[in-house]
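Listed below are the residues making up each chain.
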Amino acid sequence: MSDGTFQPRIVAFFCNWCTYTAADLAGISRMSYAANVRVVRLMCSGRLDPQFVVAALRQGADGVLIGGCHPGDCHYQVGNHKALRRFTLLKRLLGQLGIEDERVRLEWIAASEGDKVQRVINEMVAQVRALGPLGLTAIPRPHGEAAAVPPCCAE
(Lines give C-alpha, C1' and ligand atoms only; values in the text may rest on other atoms or scores of the structure.)
Protein backbone atom coordinates (compact mmCIF):
# COMPACT_ATOMS: atom_id res chain seq x y z
CA MET A 1 0.00 0.00 0.00
CA SER A 2 1.05 3.53 -0.65
CA ASP A 3 1.48 6.26 1.98
CA GLY A 4 -0.49 8.81 -0.08
CA THR A 5 2.50 10.74 -1.46
CA PHE A 6 2.92 8.42 -4.42
CA GLN A 7 1.80 10.03 -7.70
CA PRO A 8 0.94 7.31 -10.22
CA ARG A 9 1.70 7.59 -13.91
CA ILE A 10 -1.33 6.72 -16.01
CA VAL A 11 -1.29 6.34 -19.79
CA ALA A 12 -4.68 6.81 -21.44
CA PHE A 13 -5.44 5.51 -24.93
CA PHE A 14 -8.51 7.46 -26.10
CA CYS A 15 -10.65 7.06 -29.22
CA ASN A 16 -10.44 10.18 -31.40
CA TRP A 17 -14.16 10.44 -32.03
CA CYS A 18 -15.59 10.02 -28.54
CA THR A 19 -13.36 9.78 -25.49
CA TYR A 20 -10.65 12.15 -26.73
CA THR A 21 -13.35 14.66 -27.68
CA ALA A 22 -14.91 14.24 -24.22
CA ALA A 23 -11.51 14.92 -22.61
CA ASP A 24 -11.25 18.04 -24.75
CA LEU A 25 -14.74 19.07 -23.59
CA ALA A 26 -13.70 18.56 -19.96
CA GLY A 27 -10.72 20.83 -20.51
CA ILE A 28 -12.71 23.51 -22.30
CA SER A 29 -15.32 23.36 -19.53
CA ARG A 30 -12.55 23.84 -16.95
CA MET A 31 -13.37 20.62 -15.14
CA SER A 32 -10.48 19.79 -12.87
CA TYR A 33 -9.08 16.28 -12.76
CA ALA A 34 -5.79 14.71 -11.75
CA ALA A 35 -2.84 15.66 -13.92
CA ASN A 36 -1.33 12.18 -13.69
CA VAL A 37 -2.70 11.07 -17.05
CA ARG A 38 -0.90 11.26 -20.38
CA VAL A 39 -3.32 10.85 -23.27
CA VAL A 40 -2.52 9.03 -26.49
CA ARG A 41 -5.12 9.64 -29.20
CA LEU A 42 -6.12 6.68 -31.37
CA MET A 43 -8.45 6.79 -34.33
CA CYS A 44 -10.42 3.93 -32.74
CA SER A 45 -10.16 1.93 -29.53
CA GLY A 46 -10.26 -1.15 -31.75
CA ARG A 47 -6.85 -0.14 -33.10
CA LEU A 48 -5.22 -0.50 -29.68
CA ASP A 49 -2.83 -3.42 -29.81
CA PRO A 50 -2.45 -5.06 -26.38
CA GLN A 51 1.32 -4.80 -26.87
CA PHE A 52 0.98 -1.01 -26.46
CA VAL A 53 -0.57 -1.50 -23.02
CA VAL A 54 2.14 -3.93 -21.96
CA ALA A 55 4.81 -1.57 -23.33
CA ALA A 56 3.36 1.36 -21.37
CA LEU A 57 3.44 -0.68 -18.17
CA ARG A 58 6.98 -1.93 -18.85
CA GLN A 59 8.21 1.61 -19.54
CA GLY A 60 7.02 3.14 -16.29
CA ALA A 61 3.24 3.56 -16.33
CA ASP A 62 1.51 2.44 -13.14
CA GLY A 63 -1.85 2.11 -14.88
CA VAL A 64 -3.53 2.27 -18.28
CA LEU A 65 -6.93 3.73 -19.11
CA ILE A 66 -8.61 2.83 -22.40
CA GLY A 67 -11.54 4.91 -23.63
CA GLY A 68 -13.80 4.27 -26.58
CA CYS A 69 -17.21 4.98 -28.06
CA HIS A 70 -20.27 3.37 -26.52
CA PRO A 71 -21.16 0.01 -28.13
CA GLY A 72 -23.25 0.70 -31.22
CA ASP A 73 -21.81 4.21 -31.65
CA CYS A 74 -18.39 3.34 -33.09
CA HIS A 75 -17.45 5.41 -36.13
CA TYR A 76 -15.81 2.28 -37.51
CA GLN A 77 -18.89 0.17 -36.71
CA VAL A 78 -17.30 -2.68 -34.72
CA GLY A 79 -14.08 -1.17 -33.38
CA ASN A 80 -15.25 -1.03 -29.79
CA HIS A 81 -16.36 -4.67 -29.95
CA LYS A 82 -12.86 -5.58 -31.11
CA ALA A 83 -11.44 -3.47 -28.26
CA LEU A 84 -13.58 -5.33 -25.71
CA ARG A 85 -12.42 -8.73 -26.98
CA ARG A 86 -8.77 -7.64 -26.86
CA PHE A 87 -9.27 -6.10 -23.41
CA THR A 88 -10.67 -9.38 -22.06
CA LEU A 89 -7.64 -11.30 -23.32
CA LEU A 90 -5.28 -8.58 -22.06
CA LYS A 91 -6.74 -8.76 -18.54
CA ARG A 92 -6.22 -12.53 -18.51
CA LEU A 93 -2.60 -12.12 -19.63
CA LEU A 94 -1.86 -9.38 -17.08
CA GLY A 95 -3.40 -11.53 -14.33
CA GLN A 96 -1.03 -14.36 -15.24
CA LEU A 97 1.85 -11.89 -14.97
CA GLY A 98 0.72 -10.88 -11.47
CA ILE A 99 -0.48 -7.40 -12.44
CA GLU A 100 -3.61 -6.30 -10.57
CA ASP A 101 -6.86 -5.93 -12.53
CA GLU A 102 -7.36 -2.40 -11.20
CA ARG A 103 -4.30 -1.11 -13.09
CA VAL A 104 -5.98 -1.42 -16.50
CA ARG A 105 -9.46 -0.07 -17.16
CA LEU A 106 -11.76 0.16 -20.19
CA GLU A 107 -14.50 2.80 -20.29
CA TRP A 108 -17.09 3.73 -22.90
CA ILE A 109 -17.30 7.53 -22.96
CA ALA A 110 -19.28 9.56 -25.51
CA ALA A 111 -18.07 12.90 -26.87
CA SER A 112 -20.60 14.77 -24.72
CA GLU A 113 -19.51 13.12 -21.45
CA GLY A 114 -16.73 15.41 -20.29
CA ASP A 115 -17.92 14.95 -16.71
CA LYS A 116 -17.45 11.19 -17.05
CA VAL A 117 -13.85 11.68 -18.22
CA GLN A 118 -13.23 13.78 -15.11
CA ARG A 119 -14.80 11.18 -12.80
CA VAL A 120 -13.09 8.16 -14.40
CA ILE A 121 -9.63 9.78 -14.36
CA ASN A 122 -9.97 10.84 -10.72
CA GLU A 123 -11.23 7.37 -9.72
CA MET A 124 -8.42 5.61 -11.55
CA VAL A 125 -5.70 7.83 -10.12
CA ALA A 126 -7.02 7.22 -6.59
CA GLN A 127 -7.29 3.48 -7.23
CA VAL A 128 -3.75 3.17 -8.60
CA ARG A 129 -2.39 5.43 -5.86
CA ALA A 130 -3.85 3.02 -3.29
CA LEU A 131 -2.19 0.07 -5.07
CA GLY A 132 1.21 1.78 -5.05
CA PRO A 133 3.89 1.74 -7.74
CA LEU A 134 3.79 -1.11 -10.24
CA GLY A 135 7.53 -1.62 -10.02
CA LEU A 136 8.18 -3.84 -13.01
CA THR A 137 11.84 -4.45 -13.72
CA ALA A 138 13.38 -2.38 -16.47
CA ILE A 139 13.60 -3.83 -19.96
CA PRO A 140 17.16 -5.08 -20.54
CA ARG A 141 19.03 -3.09 -23.20
CA PRO A 142 21.90 -4.25 -25.39
CA HIS A 143 25.31 -3.09 -24.16
CA GLY A 144 25.89 0.58 -24.95
CA GLU A 145 22.32 1.36 -25.98
CA ALA A 146 20.66 4.15 -24.04
CA ALA A 147 17.25 3.48 -22.54
CA ALA A 148 14.59 5.57 -24.24
CA VAL A 149 12.11 7.19 -21.89
CA PRO A 150 8.74 7.67 -23.57
CA PRO A 151 7.31 11.20 -23.41
CA CYS A 152 4.40 9.92 -21.35
CA CYS A 153 6.68 8.91 -18.50
CA ALA A 154 9.37 11.62 -18.59
CA GLU A 155 9.64 13.70 -15.46
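This text goes with the structure placed above it.
Now for a look at the structure at hand. (Residues numbered from 1 in each chain as written. Predicted model: local features only at pLDDT ≥ 70, side-chain atom pairs only at ≥ 80, totals over all residues. Heavy atoms only, no water.)

### Here we look at helix α4 (residues 114-131)
For α4, with 18 residues, the first-to-last C-alpha span of 26 Å sits near the 26 Å given by 1.5 Å per residue. Along α4, the positions that sit buried rather than exposed are G114, K116, V117, V120, I121, M124, V125 and V128. Taken around the axis of α4, the buried residues stretch over an arc of 155 degrees, which confines them to a single face. Against the buried residues of α4 lie β1 (10-15), α1 (19-28), β2 (37-42), β3 (63-68) and β4 (104-108). (Helix = DSSP H or I, 4+ residues; strand = E, 2+ residues; numbered from the N terminus. Expected span 1.5 Å × (residues − 1). Buried < 20%, exposed > 50% of the residue type's maximum accessible area, 1.4 Å probe, protein only. Arc of directions from axis to C-beta. Contact = heavy atoms within 4.5 Å.)

### Some remarks on the sheet that holds β2
A sheet is described by the order of its strands in space; here four strands give the open sequence β2-β1-β3-β4, paired in parallel fashion. The sheet is open, and its two edges are formed by β2 and β4, each paired on a single side. Neighbouring strand axes in the sheet, compared pairwise and without regard to direction, differ in orientation by 20 degrees on average. Packing against the sheet, helix α2 (residues 50-58) makes contact with β1, β3 and β4, and its axis sits at approximately 150 degrees to β3. (Pairing = 2+ DSSP bridges. Axes fitted to C-alpha atoms, helices over the stretch in contact; angles between N-to-C directions.)

### Quick word on the environment of G46
Its location among the elements puts G46 in the loop between β2 and α2. With residues near it in sequence (within four places) discarded, G46 still touches G79, K82, A83 and R86.

### Let's talk about the packing of α2 against helix α3 (residues 79-96)
It is the contact of α2 with α3, at a shortest axis distance of 10 Å, that shows an interaxial angle of 40 degrees. Comparing the axis directions of α2 and α3 gives the class oblique. For the crossing formed where α2 meets α3, the hand is right-handed. Facing α2, whose interface residues are P50, V53, V54 and L57, α3 presents R86, L90, L93 and L94. Taken together, the residues of the contact of α2 with α3 sort by class into seven nonpolar, no polar and one charged. (Parallel < 35°, antiparallel > 145°, perpendicular 65-115°, else oblique. Left-handed = near helix turned anticlockwise from the far one by under 90°. Nonpolar A, V, L, I, M, F, W, Y, C, P; charged D, E, K, R; others polar.)

### Some thoughts on the pairing of β1
For β1, the tally of buried residues reaches six of six residues, placing the bulk of the element in the interior. Burial of β1 is two-sided: the residues I10, A12 and F14 facing one way and the residues V11, F13 and C15 facing the other way are all buried. Examined bridge by bridge, β1 and β2 share six bridges and lie parallel to one another. Counted as the bridge partner of I10 is V37 from β2. Note that the unit made of β1, α1 and β2 has a crossover that is right-handed. Sheet analysis places β1 next to β3, joined by five bridges and oriented parallel. The residue of β3 that forms the bridge with I10 is G63. (Right-handed = clockwise from strand over helix to strand, strands pointing away.)

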